[in-house]
Amino acid sequence: MEQLFDDLEDFGSFDDAVSGDVRDPYPELARLRREEPIQRIDMSAMPGEEGKPVFIVYRYEDAQQMLRDNLTFSSSGVIAAFGPVLGERVMLGMDEPVHGRLRSLVSKAFSQKSLARWQDELVGRVGNELIDGFVGDGKADLVKQFTFDYPSRIIAGLLGLPEEDFPQFQRWSISLLSWILNPERGLAASTALCEYFAPILEARRATPKEDMISLLAAAEIDGEKLTDEEIFSFLRLLLPAGVETTYRSLGNLLFALLTETTQLEALRADRSLLPQAIEEAVRWNPPLLTITRATTCDTELGGVHIPEGCSVLPMLGSTNRQEDRWDDPDQFNIFRTPKANLGWGHGVHVCLGMHLARLEMRTAVDLLLDRLPNLRMDPDGDDPHIRGQVFRSPTSLPVLFDPVRSSS
């Protein structure tokens, strides 16, 4: 199959189209949070159901309430938007009780206990192999040479895919995300993924291995197993959800640490600060600023009437910087008193892969600090910055360090 994307360069083009070069959306989000905490956008000029108003939710309490109420605020809009490429049985777009059944069947694969065995033999190995490629150079772009490849190779490893398939696997991931901008490319990637996974799933059903596809094939609750289509939908979801958000979250964390050098030095000296640094990075700059829900009936939220059938978007990037919940919310500060944020989502759809993402981020930072002495931002690099108003991450992270001989 032809190369669907020119990897990172085309990922940048995807960002350009979806989010633009928006460096700081937060002042405008703060204004809306104060002046119009639930914003009604008139869509009456649009035909049919699409003509119903859209609502954007900017305050933490209102967003938390709606994400907790999955009966009133349905996830079905995800299937309406992405069903053609992710499948009509994609878990992210399911409501209860079907969502709970599917999630319970796959959640064991993502538990902290299940993931612990992968820490050294997969996550650490992938991280070390990538660092081996530039450890002797004294400089690198951590986006191009580390964070972009790191989560996709881990997901491919969890699924037990051959290493030679990793580059194509990553291209399919990016192509699925491009569905709205390029339907033909997205559909082609979705079809190719099904054709690719079908013989692998059949082989794992016959002869299970120590990988996630085998676990999904064998998963059973009350005598009921996942269908092939449910597994294909989950695997297609795993690509953009498990690869792309982790790539961005890790990039945001590394950018924050490399620009806040006092905090970087504190973390270098005391790695027990790393879990709270990860949570702070997800609060301060979540990889995805908003998600979508649809109302199943007329309802009221924050004193605002919302009709049935309307799209409602909790603005996670706003809720995570609410002034009456966090002091100096625009500042990245790993020494904050821990407090829950909505960067991982909330309610029944809270991020299924958050334990894996935390493991990947923790392992990556540990390895980079251990293996790249005197790691620091390159002062002559090309203006590294976080950008985006839907997806957010840095497009480059030019760094310097003291070169050392590769361990390979």
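Cut-off values and rules
Residues numbered from 1 in each chain as written. Predicted model: local features only at pLDDT ≥ 70, side-chain atom pairs only at ≥ 80, totals over all residues. Heavy atoms only, no water. Helix = DSSP H or I, 4+ residues; strand = E, 2+ residues; numbered from the N terminus. Buried < 20%, exposed > 50% of the residue type's maximum accessible area, 1.4 Å probe, protein only. Contact = heavy atoms within 4.5 Å. Areas by Shrake-Rupley, 256 points an atom, 1.4 Å probe, with all protein chains shown as cover. Salt bridge = Lys/Arg side-chain N within 4 Å of Asp/Glu carboxyl O. pLDDT = per-residue confidence, 0-100. Core = buried A, V, L, I, M, F, W, Y, C linked by side-chain atoms within 4.5 Å. Pairing = 2+ DSSP bridges. Axes fitted to C-alpha atoms, helices over the stretch in contact; angles between N-to-C directions. Expected span 1.5 Å × (residues − 1). Bend = angle between axes of the 7 residues up to and from the residue. Parallel < 35°, antiparallel > 145°, perpendicular 65-115°, else oblique. Left-handed = near helix turned anticlockwise from the far one by under 90°. Nonpolar A, V, L, I, M, F, W, Y, C, P; charged D, E, K, R; others polar. Phe/Tyr/Trp six-rings, centres within 6.5 Å; stacked < 30°, edge-to-face > 60°. Lys NZ or Arg CZ within 6 Å of the ring centre and 35° of its normal.

Remarks on the overall build of the protein chain
Inference 1: For the protein chain, the helix and strand inventory stands at 17 helices and 14 strands.
Inference 2: A buried classification covers 54% of the 408 residues belonging to the protein chain.
Inference 3: Relative to all contacts within the protein chain whose residues are 6 or more apart in sequence, the contacts with residues 24 or more apart total 73%.
Inference 4: Carbon and sulfur atoms make up 52% of the accessible area of the protein chain, which amounts to about 17500 Å² in all.

As for the pattern of salt bridges
Inference 1: Overall, the coordinates contain 19 salt bridges when judged by the stated rule.
Inference 2: The partner of Arg125 in a salt bridge is Glu129, and the shortest N-O contact between them spans 3.3 Å. Placement of the pair is Arg125 and Glu129 together in helix α7 (residues 118–132), with a separation of four residues, close to one helical turn.
Inference 3: Using a relative accessible area of 31% as the deciding quantity, one classes Glu129 as partly exposed.

A look at the confidence of the model for the protein chain
Do not read the predicted coordinates in detail wherever pLDDT is low.
Inference 1: When pLDDT is averaged along the protein chain, the result is 84; 82% of the residues meet or exceed 70.
Inference 2: Looking across the protein chain, the model is least confident in helix α1 (residues 7–18), with a mean pLDDT of 57, and most confident in strand β14 (residues 398–400), with 98.
Inference 3: Between residues 1–5, whose pLDDT stays under 50, and residues either more than four places distant or in other chains, the model counts 19 contacts.

Description of the side chain of Asn320
Inference 1: With respect to the element layout, Asn320 can be found in the loop between α16 (316–319) and α17 (354–371).
Inference 2: Using a relative accessible area of 0% as the deciding quantity, one classes Asn320 as buried.
Inference 3: Excluding its chain neighbours within four sequence positions, the residues that come into contact with Asn320 are Val282, Arg283, Pro286, Trp326, Asn341, Leu342 and Gly343.

Some details on the nonpolar core
Inference 1: Among the nonpolar cores identified, the biggest contains 84 residues, and Leu142, Phe146, Leu159, Leu161 and Phe197 are the most heavily contacted of them.
Inference 2: In terms of residue count, the dominant contributor to this core is helix α13 (residues 228–259) (15 residues).
Inference 3: When near neighbours in sequence (up to four residues on either side) are disregarded, Phe146 contacts Gly127, Leu130, Ile131, Phe134, Asp141, Leu250, Ala364 and Leu368.
Inference 4: One finds Ile38, Val57, Ile306 and Cys310 within the second-largest nonpolar core, a separate group that totals 15 residues.

Let's talk about the sheet that holds β14
Inference 1: Taken together, the three strands give an open sheet; going across it, the order is β4-β14-β11, and neighbouring strands pair in antiparallel fashion. What marks the edges here is a single partner per strand, and that holds for β4 (139–141) and β11 (376–377).
Inference 2: Bridge count between β11 and β14: two bridges; the pairing is antiparallel. Residue pairing for β14: Met377 is matched across the bridge by Val399.

Things to note about the sheet that holds strand β2 (residues 54–57)
Inference 1: Across the sheet, which stays open at both edges, the five strands sit in the order β1-β2-β10-β7-β3 with mixed pairing between neighbours. Edge positions in the open sheet fall to β1 (38–41) and β3 (73–74), since each of these has one partner strand only.
Inference 2: In the sheet, β1 pairs with β2 via four bridges, with the strands oriented antiparallel. Bridge assignment links Gln39 to a residue of β2, and that residue is Ile56.
Inference 3: Helix α3 (residues 60–68) rests against β1, β2, β3, β7 (293–295) and β10 (311–314) of the sheet, and its axis sits at about 125° to β10.

Some remarks on α7
Inference 1: End to end, α7 covers 20 Å across 15 residues, agreeing with the expected 21 Å (1.5 Å per residue, within 8%).
Inference 2: The sharpest bend along α7 reaches about 35° and sits at Gly124.
Inference 3: Inspection of α7 places Trp118, Leu122, Val123, Gly124, Val126, Gly127, Leu130 and Ile131 among the buried residues, and these make up the whole buried set.
Inference 4: As for α7, its buried residues are in contact with α6 (112–116), α8 (142–147), α9 (150–159) and α17.

Section: the packing of α7 against α17
Inference 1: Relative to each other, α7 and α17 sit at 45°, their axes nearing to 10 Å. On the basis of their axis angle, the class for α7 and α17 is oblique. The handedness of the crossing between α7 and α17 comes out as right-handed. Note on element contacts: α17 touches α7 through Leu359, Glu360, Arg362, Thr363, Leu367, Leu368 and Arg371, opposite Gln119, Val123, Gly124, Gly127, Asn128, Ile131 and Asp132.
Inference 2: Per-class residue counts for the contact of α7 with α17 are five nonpolar, five polar and four charged.

A look at the side chain of Arg321
Inference 1: Looking at the element boundaries, Arg321 is found in the loop between α16 and α17.
Inference 2: Taking relative accessible area as the criterion, Arg321 reaches 5% and is therefore assigned buried.
Inference 3: Residue contacts for Arg321: discarding those within four places in its chain leaves Tyr26, Arg33, Arg283, Trp284, Asn285, Trp326, Pro329 and Asp330.

Some thoughts on the environment of Pro394
Inference 1: Relative to the elements of secondary structure, Pro394 occurs in strand β13 (residues 393–394).
Inference 2: In this structure Pro394 comes out as buried when scored by relative accessible area, which is 2%.

Looking at the packing of aromatic side chains
Inference 1: Per the counting criterion, the structure on display carries seven aromatic pairs.
Inference 2: Members of the aromatic cluster, each reached through a chain of ring pairs, are Trp172, Tyr196 and Phe197.
Inference 3: Just above the ring of Trp326 sits the side chain of Arg283; from NZ or CZ to the centre is 5.6 Å.
Inference 4: The ring of Tyr60 has Arg325 sitting right over it, with the charged end atom 3.8 Å from the ring centre.

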